[in-house]
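Take a look at the letters that make up each chain.
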Amino acid sequence: MSVGLEHYLVLSAILFAIGLYGALAKRNTIAILLCIEIMLNAVNIALVAFSRYVAPQMLTGHVFVIFIMAVAAAEAAVGVAIIMAIYRRKGTVDPTEIDAMKR
Amino acid sequence: MAFDIAFWLLAIVSVVAALAVVGLTNIFRAALSLVLCFITVAGLYITLSADFLAAVQILVYVGAISILLILAIMLTHDVQLGSPTNKLRLPAFLAAIVFFGTVAWAVLNTTWGISPLAPIEPTTATLAGKLFGENGYILTVEIAAVLLLAAILGAVVLVREK
């Protein structure tokens, strides 16, 4: 069976599941950010694969991916800034220690 | 045939790199394998004949976002502590497995409307027409610019010394 749309979608699901596990189970905020980036990339693969195989003359999936990249860049910048601010104030990046809004 | 080999090679390397990001206890090495994962995703874009997106992937993800994350790792001095897992390890694993099973089942049991047309190559000019041309996404481009400006200002305000 030659490589087709399903292969890319299953690969995207595998990468998303790995990122999901990491984002839920990691005890380092930066590691959680890394896993979120993996999930965003997995979604991008699925969008480009749909664009290539379902509507190859439209490129709408490519446009979505460009906007997702812009939002991901903004997310990474703000996320890193928040982590730096918390680290400066509390001296840790452990999300189990950052529970001020739970009390 | 060469296309199939390229896909399988990139797929295996990207999954192994993603597993390394999750599995390695040294957070710095995890960030470096994330860079490898980004590069293989750029290769996957090339196999999907998305040349412009592959270049943007290299520039934005490999060039900018990973540098930002590695800088954050350097500045927080938690490299020695590593990235251990929390108490939710088993439920998180189950959630990931259930998610993957559901999506894989849905993907493999759907008949997709595969188009027989050949993809556009190169994509850059057509993509520019889509983004900036008439009936395009120019308003969204402007909103993305405002979003990036707001994110930059927010980041500067958050990390500024009092």
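Q: What exactly am I supposed to notice about the overall build of chain B here?
A: If you tally the helices and strands in chain B, you get 6 helices and 0 strands. Listing every helix and strand of chain B by position from the N terminus yields α-α-α-α-α-α. Taking 15 Å as the expected radius of gyration for a compact globule of 162 residues, we find that chain B reaches 20 Å, considerably beyond that expectation. Counting only C-alpha atoms, chain B reaches 50 × 40 × 30 Å along its principal axes. Within the span of chain B, comprising 162 residues, buried residues form 25% of the whole. Across chain B, the fraction of contacts at a sequence separation of at least 24, relative to all contacts at a separation of at least 6, is 55%.

Q: Hey, could you run me through the interface of chain B and chain A in this one?
A: On the chain A side, the residues contacting the 74 residues of chain B number 62 residues. Put simply, the parts of the chain that give the side of chain B that touches chain A at least two residues each are helix H1 (2-23), helix H2 (27-47), helix H3 (51-76), helix H4 (89-108), helix H5 (124-132) and helix H6 (138-159) of chain B.

Q: For this particular structure, what's the right way to read the nonpolar core?
A: Across soluble globular proteins, you tend to see nonpolar side chains buried next to one another. Of all hydrophobic cores here, the largest spans 70 residues; its most connected members are Ile-30, Leu-34 and Ile-38 of chain A together with Val-21 and Leu-69 of chain B. Going through the elements one at a time, helix H1 (5-25), helix H2 (29-53) and helix H3 (60-90) of chain A together with H1, H2, H3 and H6 of chain B are the ones with two or more residues in this core. Look past the residues within four positions of Ile-30 of chain A in its chain and what remains in contact with it is Ile-83 and Val-93 of chain A together with Ile-27, Leu-69, Ala-72, Ile-73 and Thr-76 of chain B.

Q: Would you mind going over the environment of Phe-3 of chain B with me for this structure?
A: Structurally, the position occupied by Phe-3 of chain B is in helix H1. Considered as a pair, Phe-3 of chain B and Thr-47 of chain B are 44 residues apart in the sequence and their alpha carbons are 7.0 Å apart. Excluding residues that lie within four positions of it along the chain, Phe-3 of chain B makes contacts with Val-3 of chain A together with Thr-47 of chain B.

Q: Sorry, what's going on with H3 of chain A here?
A: Owing to its 3.6 residues per turn, the α-helix brings residues three or four apart onto one side. With 31 residues, H3 of chain A extends 44 Å between its outermost C-alpha atoms, agreeing within 8% with the 45 Å of an ideal straight helix rising 1.5 Å per residue. One or two residues past the end of H3 of chain A sits Gly-91 of chain A, with phi positive at roughly 75°.

Q: I tried to follow the domain arrangement of chain B on my own but got confused; where do I start?
A: How big an interface is tends to be stated in terms of the accessible area lost upon association of its parts. Residues and elements named next belong to chain B. When the domains of chain B are assigned, the result is domain 1 (1-84) and domain 2 (120-162). Placing the centre of domain 1 and that of domain 2 at their C-alpha centroids yields a distance of 23 Å. Contacts between domain 1 and domain 2 engage 4 residues on the former and 5 residues on the latter. The residue makeup of the side of domain 1 that touches domain 2, split by class, is 2 nonpolar, 1 polar and 1 charged.

Q: Which parts of the structure should I look at to understand the packing of H1 of chain A against H2 of chain A?
A: Packed helices, taken two at a time, are described by their axes: the angle between them and the distance between them. Residues and elements named next belong to chain A. Two elements in contact, H1 and H2, have axes separated by 8 Å at closest approach and are oriented at 165°. When the interaxial angle is binned, H1 and H2 end up roughly antiparallel. Considering only the axes of H1 and H2, their crossing is left-handed. Class assignment of the residues belonging to the contact of H1 with H2 gives a composition of 21 nonpolar, 4 polar and no charged.

Q: Teacher, can you tell me more about the packing of H1 of chain A against H4 of chain B here?
A: Here H1 of chain A crosses H4 of chain B at 165°, and the two axes come no closer than 8 Å. By the angle between their axes, H1 of chain A is roughly antiparallel relative to H4 of chain B. For the crossing formed where H1 of chain A meets H4 of chain B, the hand is right-handed. Of the residues in H4 of chain B, those touching H1 of chain A at Glu-6, Leu-9, Val-10, Ala-13, Ile-14, Ala-17, Leu-20, Tyr-21, Leu-24 and Ala-25 of chain A are Arg-89, Ala-92, Phe-93, Ala-95, Ala-96, Phe-99, Phe-100, Val-103, Ala-104, Val-107 and Leu-108 of chain B. Looking at the contact of H1 of chain A with H4 of chain B residue by residue, the classes come out as 19 nonpolar, no polar and 2 charged.

Q: So what exactly am I meant to see when it comes to the confidence of the model for chain B here?
A: Parts of the model with low pLDDT should not have their predicted coordinates read in detail. Mean pLDDT for chain B: 89, with 95% of residues reaching 70 or above. For this predicted complex, the interface confidence reaches an ipTM of 0.91, while the overall pTM sits at 0.91.

Conventions adopted
- Residue positions are given per chain, counted from 1 along the sequence in the order it is written.
- Each chain is given a letter, starting from A, and each ligand a number, starting from 1, according to the order in which they appear as written.
- Owing to the predicted nature of the model, reporting of local features is limited to residues with pLDDT of at least 70; listing and counting of side-chain atom pairs is limited to 80 or more, with chain, interface and lining totals taken over all residues.
- Each helix is a run of DSSP H or I of at least 4 residues and each strand a run of E of at least 2, with the numbering of both proceeding from the N terminus.
- As defined in this context, the radius of gyration uses C-alpha atoms, and a globule is described by 2.2 Å times the residue total to the power 0.38.
- Think of it as a crowd count around each C-beta: if 20 or more other C-beta atoms lie within 10 Å the residue is buried, if 12 or fewer it is exposed, and in between it is partly exposed, with C-beta placed from the backbone throughout.
- Placing a C-beta atom from the backbone of each residue, one calls two residues in contact when those atoms lie within 7 Å.
- As used here, a nonpolar core is made of buried Ala, Val, Leu, Ile, Met, Phe, Trp, Tyr and Cys residues. They are joined through C-beta atoms within 7 Å.
- Take the number of residues in a helix, subtract one, and multiply by 1.5 Å to get its expected span.
- Note that domain bounds follow an automatic or database assignment of domains.
- Residues were grouped as follows: Ala, Val, Leu, Ile, Met, Phe, Trp, Tyr, Cys and Pro as nonpolar; Asp, Glu, Lys and Arg as charged; and all remaining residues, including Gly, as polar.
- All axes are obtained by fitting lines to C-alpha atoms, using only the stretch in contact for helices, and the reported angles, taken between N-to-C directions, cover 0 to 180 degrees.
- Roughly parallel means an angle under 35 degrees; roughly antiparallel, over 145; roughly perpendicular, 65 to 115; everything else is oblique.
- Each crossing is labelled by how the near helix is turned from the far one, with a counterclockwise turn of less than a right angle marking it left-handed and a clockwise turn marking it right-handed.
- What pLDDT expresses is the predictor's confidence in each residue, scored from 0 to 100.

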